[in-house]
Structures are given as C-alpha cells and as structure tokens.
Amino acid sequence: MSRPLRAAALASVATLILSGCAGMTETPAAVEAPVETAAAPSVSYDQLMADVRTLSADDMEGRDTGAPGGERARAYIVSRLEALGVAAPPMGRLQPFEAQGRTREGPKTFHGVNVLGLIGGTRTPDRYIVITAHYDHVGVNGGQIYNGADDNASGVATMLEIAARLKVSKPDHSVIFVAFDGEERGLLGAKHFVQAPPVPLSSIAMNLNFDMIARAETDGFLWVTGTYQHPTFRPILEDIPANGAVSLAFGKDTPQDTGEDNWVEASDQGAFFNAQVPFLYLGVNYHPDYHRPSDDFERITPSVFQSAVELSWSAFRALDQGLDR
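In this report, we go over the structure that sits alongside the text. (Residues numbered from 1 in each chain as written. Predicted model: local features only at pLDDT ≥ 70, side-chain atom pairs only at ≥ 80, totals over all residues. Heavy atoms only, no water.)

**Digging into the sheet that holds strand β6 (residues 173-180)**
Each strand in a sheet pairs with another by means of backbone hydrogen bonds, the pair being arranged parallel or else antiparallel. Spatial strand order, β1-β2-β6-β3-β7-β10-β8-β9: eight strands in an open sheet with mixed pairing. Across the chains shown, the open sheet's two edge strands, defined by having one partner strand only, are β1 (94-103) and β9 (247-250). In this sheet, neighbouring strand axes are inclined to one another by 25 degrees on average, regardless of whether the strands run parallel or antiparallel. The pairing of strand β8 (residues 221-225) with strand β10 (residues 279-283) spans three bridges and is classified as antiparallel. Looking at β10, one finds that T225 is bridged to Y281. Against the sheet, helix α3 (residues 68-84) makes contact with β1, β2 (106-119) and β6, and its axis sits at roughly 10 degrees relative to β2, the strand it touches most. Each of β3 (124-134), β6, β7 (204-210), β8, β9 and β10 is contacted by helix α8 (residues 302-322), which is oriented at about 175 degrees to β7, the strand it contacts most. (Pairing = 2+ DSSP bridges. Helix = DSSP H or I, 4+ residues; strand = E, 2+ residues; numbered from the N terminus. Axes fitted to C-alpha atoms, helices over the stretch in contact; angles between N-to-C directions. Contact = heavy atoms within 4.5 Å.)

Following this line, the structure appears as structure tokens:
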C-alpha cells in the first residue's frame, strides 16, 4: 500500500506507524428414512498460501518496479492465470507503461508492466467489475529485502483465489483482473490503466481493490473504504457476517478522516476515484511490520488471512449480484 506522503523515507513512515445453521426441515411422513448425502468438501487454502509464500520469498527481492524481482513476480502471476485458464483481454495479457515515479533519491522514470485477465459475465457481460491488487513492493533497501507479504502479496493471492472460484462459478458481470505494477512508486500502473483501459471507462461498474488483506489482528477488521463516496454500495455489504475473528468495517473515507487515516487515494483505487469510476478498497489497518523488512510470510496467521479472503469473496459476490439491477 502506498500511503500519502510516506514514500520519501521508508524509515520515517515506519516510525509513524509504530507510534447457523438453518432450521432443519422435517422429513416427510411418507419417507421412511432420510437419504444420506456426501458432506461438502472443505475449502482448501493450499494454493492461496503458496501464492503468498512464493510472491514474498527472498528471491523476489522485494518486487520493485523494473527490477529482476519484479519481473519474476510478474512471470509467476502470468503462469498462475494461465494455469487457471483465465483468458487475456483483447488488448493482451501484459500492459507495459513508462512513467515518472518517486524514490527516496528523487524522481525516476520507471518501466512497469500490468498483468491482465478476463472472465466473461453471464447476466451483464458488457458491464465490468475490475478487480485489482498491486504486485510490486519497495525492493531492497540498505541491504535488506522488503518482502511485502501483507503488502501486497496477500492482495494478489486474494485476487487469484477469486479468479479460481469464478472459473467454477461464473460471475454476473464480466470481470477484469489486473495485477498492477508501480503502486509503491505513485500508483503508476493504475494511472496508466485508467488512461488506456481495455474497455471504455463508462462500461466499468466499479473497481474493487485489494491491498494488505492478511494482517487483521490489529483491530479485527477488514476495512471497506469508499462507501462514503458511493453510499449505494454499503447496503449491499453491511449484512455480510463476520468470518472467524475478522469482520468488515466501513470508513477511512470521510472528510473527517485526514492524513494517513484517509485511504481514498492510498492505493490503486485512487486512480479510479480521480477518473470518476466507482470504487471500493478492502484492506487491513496499519501494523508494526508495514513497510519494514519484517513483513514476511511467517508473520501471517493463516486463519486470520483466510477469514479475510472469505470476506473479500463474499463482498465480491454481493456486489456482483447487487449491481446494475
């Protein structure tokens, strides 16, 4: 996640952050014995966890934009989409761009690449939900690798999990998946996407952005930002029950939320916001490992992350079924 005013010095930001079962139906009298049915298989999170582990491994070298580690992360995401059978949109799987970004040393030209996928919808195939998550992180600084397990290997893994499920259960809307590059350098990939979208912006029903999904232990919430700007989204989501120790919370988006407590432009959804495309952002609160070398896979509590992923899936399904009615 790229928070406002934090890119100039990672160390200074780190210092700031630190300070029912349904009622059973009676068996009809004419039926002598109930028919036994096989139990539904439990959800496997093996691939979800493998995606986070792989993307946040040391050999990804912090996935900086334009660096070899970023290229390796991109190749992995492409391979996963191909393995899932997620098609590329007509413009192609990759969307390269060149843009001026931020570094601690000053401005720099970055060469980045967004990764795209497409699953067609069944009810409104000409309307699109754009699901996004940035795959870049801040690379290597001071000889230390910033692995970015929560920020944002977790968001990319969540996006891939949703893609896998939608290959089995087709969405109502068509869904464009975008793994953005250059978020940490100033939302570079997202800004390029809205300037050169694969479909007209007017056909995009909304952007649903995932950034930092794994570490909800701080307050027990997966935050939903954007319902202040788009109040019709909140009734669609507010009845989604908690999953395990994690529940949805709404906010970080009002005029009273200032500085680093306002997340409207804190991640890639900011580019959609500025392009006047409806958006929602899902992410966890700050934690002590945010933008530090300690944001490692081993710091993730699997059950907490998996609960947040289930809430993300429930949120998508509710939006997909509730929009454009």
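**Here we look at the side chain of D268**
For D268, the position within the fold is in the loop between β9 and α7 (269-274). Within the buried core, D268 has no salt-bridge partner, and the shortest N-O distance to an opposite charge, that of K191, equals 8.8 Å. For D268, the contacting residues outside a window of four places in its chain are H134, F180, E183, L187, A190 and N209. (Buried < 20%, exposed > 50% of the residue type's maximum accessible area, 1.4 Å probe, protein only. Lys, Arg positive; Asp, Glu negative; His and termini not counted. Salt bridge = Lys/Arg side-chain N within 4 Å of Asp/Glu carboxyl O.)

**Quick notes on the environment of D295**
By the secondary structure assignment, D295 is in the loop between β10 and α8. Taking the relative accessible area as the measure of exposure, D295 reaches 0% and is therefore buried. If we skip the residues at most four places from it in the chain, D295 touches N147, G148, A149, D150, D151, R215, H287 and D289. A polar atom in the side chain of D295 sits 2.9 Å from the backbone nitrogen of D150. (Polar contact = N/O pair within 3.5 Å; in protein donor to acceptor, adjacent residues only side chain to side chain.)

**Description of the packing of α3 against helix α4 (residues 149-168)**
It is the contact of α3 with α4, at a shortest axis distance of 10 Å, that shows an interaxial angle of 15 degrees. Relative to α4, the element α3 is oriented roughly parallel. In this structure, the crossing between α3 and α4 has a hand that is right-handed. Listed contacts from α4 to I77, R80, L81 and L84 of α3 are V156, L160, A163, A164 and K167. Here the residues of the contact of α3 with α4 are counted per class, giving seven nonpolar, no polar and two charged. (Parallel < 35°, antiparallel > 145°, perpendicular 65-115°, else oblique. Left-handed = near helix turned anticlockwise from the far one by under 90°. Nonpolar A, V, L, I, M, F, W, Y, C, P; charged D, E, K, R; others polar.)

**Examining the nonpolar core**
I131, F177, L222, L237, F305 and F316 are the most contacted members of the largest nonpolar core, which has 70 residues in total. The greatest single-element share of this core, amounting to 10 residues, is contributed by α8. If sequence neighbours within four positions are ignored, L237 has contacts with V224, L248, F250, L280, A315, A318 and L319. Counting residues in each nonpolar core, the second largest holds 16 residues, with V178, V264, A271 and F279 among its members. (Core = buried A, V, L, I, M, F, W, Y, C linked by side-chain atoms within 4.5 Å.)

**Quick look at the packing of aromatic side chains**
With the rule as written, the count across this model stands at nine aromatic pairs. Centre to centre, the rings of Y286 and Y290 are 5.7 Å apart; their planes meet at 70 degrees, and the pair counts as edge-to-face. The same class applies to Y286 and to Y290, which are both buried. An aromatic cluster is defined as three or more aromatic residues linked by ring pairs; in this entry it consists of W263, Y281, Y286 and Y290. (Phe/Tyr/Trp six-rings, centres within 6.5 Å; stacked < 30°, edge-to-face > 60°.)

**Quick notes on the pairing of β10**
Among the five residues in β10, five count as buried, and that is most of the element. Burial of β10 is two-sided: the residues F279, Y281 and G283 facing one way and the residues L280 and L282 facing the other way are all buried. For β7 and β10, the ladder comprises four bridges, and the chain directions are parallel. Bridge pairing links N207 to F279 in β10.

**So, α8**
The end-to-end C-alpha separation of α8 is 30 Å, in line with the 30 Å expected for 21 residues at 1.5 Å each. Extensive coverage of α8 is indicated by the burial of 16 of its 21 residues. Immediately downstream of α8, the backbone of D324 shows phi near 60 degrees, a positive value. (Expected span 1.5 Å × (residues − 1).)

**Some thoughts on unusual backbone geometry**
Going from D151 to N152, the amide bond is cis rather than trans, its omega being 5 degrees. Counting through the fold element by element, N152 comes out in helix α4. Even without being a glycine, K252 presents a positive backbone phi close to 65 degrees. Within the fold, K252 resides in the loop between β9 and α7. Residue classification places K252 among the buried residues on the basis of a relative accessible area of 12%. Despite not being glycine, D324 has its phi angle at roughly 60 degrees, a positive value. Within the secondary structure, D324 is located in the segment after α8. The exposure class assigned to D324 is partly exposed, which follows from its relative accessible area of 36%.

So yeah, pure geometry; function would need other evidence.
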